[in-house]
Amino acid sequence: MCLLRLPAKNGGIKINRYHQFKMMFLAQLKLTLREKQAWFWGIFFPVILMVIFMVIFSGNSDEEFKTEVAVVDPSPNPASEMMLSQIRGLPVFEVKSGKPVTRDKAEEWVKDQEVDAAIILPESAETSSVLLVINKENEQGAAAQAVSGILDKFVQQANLMAAGASPKYDLQYESITSGTNELDYTDFLLTGMIALSIAQGGMFGMVDLVEMRRKGLIKRLRMTPANMGIFGLSDMVMRLLFSIVQIILLSLIGVLVFGANLYINPFTLIIVFLIGALSFNALGYFFSSFSKTTEAYMGVANICSFLMMFLSGVFFPIETMPEWIQPISSILPLTYFAEGLRESMVYETGIATAALWAGIGVMVIWGAITFLLGSLLYKRKAIAADR
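Here, residues in each chain are numbered from 1, in the same order as that chain's written sequence. In keeping with the predicted nature of the model, local features appear solely for residues at pLDDT of at least 70, side-chain atom pairs appear and are counted solely at 80 or more, and the whole-chain, interface and lining totals rest on all residues. Side-chain measures were taken over the full set of non-hydrogen atoms in the model, leaving aside hydrogen atoms and water.

### Overview of the overall build of the protein chain
Rules: The helix and strand labels rest on DSSP assignments: H or I over at least four residues marks a helix, E over at least two residues marks a strand, and numbering proceeds from the N terminus. When accessible area is computed with a 1.4 Å probe and restricted to protein chains, residues below 20% of their type maximum are described as buried, those above 50% as exposed, and intermediate ones as partly exposed. What makes two residues a contact is simply this: any of their non-hydrogen atoms within 4.5 Å. Areas reported as accessible are Shrake-Rupley estimates using a 1.4 Å probe. Residue values count occlusion only from the protein chains shown.
From N to C terminus, the protein chain includes 14 helices and 4 strands. By residue count, 42% of the 387 residues in the protein chain fall in the buried class. When contacts within the protein chain are restricted to residue pairs at least 6 apart in sequence, those whose partners lie at least 24 apart make up 79%. Total accessible area computed for the protein chain in this model is approximately 21,500 Å², and 61% of it derives from carbon and sulfur atoms.

### A look at helix 1 (residues 17-34)
Condition: Expected span of a helix: the number of residues minus one, times 1.5 Å.
When the terminal C-alpha atoms of helix 1 are compared, their 26 Å separation across 18 residues agrees well with the 26 Å that a helix rising 1.5 Å per residue should span. By the burial criterion, the buried members of helix 1 are Gln20, Met23, Met24, Phe25, Ala27, Gln28 and Thr32.

### A few points about the environment of Leu241
Mapping Leu241 onto the fold places it in helix 9 (residues 228-256). Measuring from C-alpha to C-alpha, the distance between Leu241 and Ala277 comes to 9.8 Å, with 36 residues separating the pair along the chain. Not counting the four nearest positions on each side in its chain, Leu241 is found in contact with Phe25 and Leu29.

### A few points about the sheet that holds strand 4 (residues 131-134)
Counted only if it meets this: Here, strands pair whenever DSSP counts at least two bridges between them. Note on method: axes are straight lines fitted to C-alpha atoms, helices fitted across the in-contact stretch only, with angles between N-to-C directions ranging 0 to 180 degrees.
On the basis of which strands lie adjacent, the open sheet formed by 4 strands has the order 2-1-3-4 and mixed pairing. Of all strands in the sheet, those with a lone pairing partner are strand 2 (93-95) and strand 4, marking the two edges. Each strand of the sheet is rotated relative to its neighbour by a mean of 35°, with strand direction disregarded.

### Observations regarding a negative patch on the surface
So the rule is basically this: Here the term patch refers to residues with relative accessible area over 30% and no salt bridge, with like charges joined within 9 Å and nonpolar side chains (Val, Leu, Ile, Met, Phe, Trp, Tyr) within 5 Å. Throughout this description, the term salt bridge denotes a Lys or Arg side-chain nitrogen within 4 Å of a carboxyl oxygen of Asp or Glu. The convention is simple: Lys and Arg are positive, Asp and Glu are negative, and His and the chain ends are not counted. In plain terms, the charge of a residue is placed at NZ if it is Lys, CZ if Arg, CG if Asp and CD if Glu.
Together, Asp104, Glu108, Asp112 and Glu114 line one region of the surface with negative charge. Counting through the fold element by element, Glu108 comes out in helix 4 (residues 103-111).

### A word on the nonpolar core
Applicable threshold: For this analysis, a nonpolar core means a set of buried residues of the types Ala, Val, Leu, Ile, Met, Phe, Trp, Tyr and Cys, connected via side-chain atoms within 4.5 Å.
In this structure, Met193, Ile194, Ile247, Phe280, Leu334, Phe337 and Leu341 are the most contacted members of the largest nonpolar core, which totals 62 residues. Formed by 14 residues, the second largest nonpolar core is a distinct cluster that contains Val71, Leu84, Leu121 and Leu151.

### A short note on the packing of helix 6 (residues 185-205) against helix 13 (residues 333-345)
Cut-off, in case you're wondering: Any angle that falls under 35 degrees is termed roughly parallel, while one over 145 is termed roughly antiparallel, one within 65 to 115 roughly perpendicular, and all others oblique. Take the far helix as your reference; a near helix turned counterclockwise from it by less than a right angle gives a left-handed crossing, and one turned clockwise gives a right-handed crossing. In the scheme used here, Gly and all other residues not listed as nonpolar or charged are polar, with Ala, Val, Leu, Ile, Met, Phe, Trp, Tyr, Cys and Pro taken as nonpolar and Asp, Glu, Lys and Arg as charged.
It is at 9 Å that the axes of helix 6 and helix 13 come closest, and there the two elements cross at 130°. In terms of axis orientation, helix 6 runs oblique to helix 13. Handedness of the crossing formed by helix 6 with helix 13: right-handed. Contact residues: helix 6 offers Phe188, Thr191, Gly192, Ile194, Ala195, Leu196, Ile198 and Ala199, while helix 13 offers Leu334, Phe337, Ala338, Leu341, Arg342 and Met345. For the contact of helix 6 with helix 13, a count of residues per class yields 11 nonpolar, 2 polar and 1 charged.

### Looking at the pairing of strand 1 (residues 67-72)
A large share of strand 1 lies buried, amounting to 5 of its 6 residues. Summarising the sheet, strand 1 and strand 2 pair through 3 bridges and their orientation is parallel. Bridge assignment links Val69 to a residue of strand 2, and that residue is Val95. Bridge count between strand 1 and strand 3 (residues 117-120): 4 bridges; the pairing is parallel. Within the sheet, the bridge partner assigned to Val72 lies in strand 3 and is Ile120.

### Brief notes about the packing of aromatic side chains
Selection rule: Stacked, edge-to-face and tilted labels apply to pairs of Phe, Tyr and Trp rings (six-membered ring for Trp) whose centres lie within 6.5 Å, assigned for plane angles under 30 degrees, over 60, and everything in between, in that order.
Evaluated as defined, the whole model comprises 11 aromatic pairs. Following the ring pairs from residue to residue traces out a cluster consisting of Phe286, Phe287, Phe290 and Tyr297.

### Focus: the side chain of Ser197
Note that Ser197 resides in helix 6. Ser197 has contacts with Pro46, Gln246 and Leu250, leaving out every residue within four places of it along the chain.

### Digging into the pattern of salt bridges
Scanning the entire structure with this criterion turns up 2 salt bridges. Ionic pairing is found between Arg103 and Glu107, a salt bridge with its closest N-O pair at 2.9 Å. Pair noted here: Arg103 and Glu107 are both in helix 4, with a separation of 4 residues, about one helical turn. Here Arg103 falls in the partly exposed class, since its relative accessible area comes to 39%. One salt bridge in this structure joins Arg214 and Glu211, with 2.5 Å as the shortest N-O distance. Highlighted residues: Arg214 and Glu211, both in helix 7 (residues 207-214), separated by 3 residues, approximately one helical turn.

### Here we look at the side chain of Asp73
Inspection of the secondary structure puts Asp73 in the loop between strand 1 and helix 3 (78-89). With residues near it in sequence (within four places) discarded, Asp73 still touches Ser80, Pro100, Val101, Leu121 and Pro122.

### With respect to helix 6
In this model helix 6 runs 30 Å from its N-terminal to its C-terminal C-alpha over 21 residues, within 8% of the 30 Å that 1.5 Å per residue would give. Most of helix 6 is tucked away, with 19 of its 21 residues classed as buried.

In structure tokens:
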């Protein structure tokens, strides 16, 4: 390794910081390119992760919602027959077996989750209630909630018809966005997954420093005029190259495979990307400074990655989270990195935006503090080793 052939500290030749950085960067790049695992974890794993989550969470927004239900008509009568005819006419309901069944059979289907719900029609024209039976395990599920809401509206319409009245008001639905273009959830999820992949690349990518220390390479490096802060910075910048490949590759997959829409503001994107990627590289550099083994490093990185994955608005807006969690989300760097990428890749937000710079400021603070702490810990270990 060319870094180990630098002159000794005592009486040696002084090398300027730029030359140190250049030599260290090239050496780190050559070592990384030779490592097949680095290619997998830096490039292919983020792609696999994004595809899995995009398939799970994005779905197909063009498909109409449908739910399968069982209908029970315990005692056929004019009221129940009218309701049965109307239920069959609702496009969202698919009646299992195409005809009413016994209550025992319907409840068996609900318990076995063969249907989303069972609708028990009135036993007589005088009975005023319609019973909805759902599986308790899926009570808070999207299908159960949708069936309950649809059936409630259906009953209200039936009440109006029974009273001989016609609806006076109706509810119309319209969605708007803060951007100037038509957007959907796939766009939101894609930018969140890009932010998560780059963040994980930074947090997990510095594990090679732990391995270098275990093999004694860091100790040998300290015996040279090399500056450990420059050494860490060169590794961070080298990891930045992987992040550039990541954002290009993931964006192409999101647009070409999942049909996402990107409306990019280049200047905003460059600033958000550079600061965000370097901040998470600094976080990984900090983890490596106090981790004695690869297992310890990966444990810390996994905990941080897991927490930020679900608390930073990657999959769902932070506003939908419980109120007591939102303050935690507001201090995490991934929150502002994901928001910054959405602003620059989806909403075409200009660079002169106060909220954007506030988020950038949070990322800069995280990056600067963790990098300085990491450099300080490496320096202290160097002093302890010299003694």
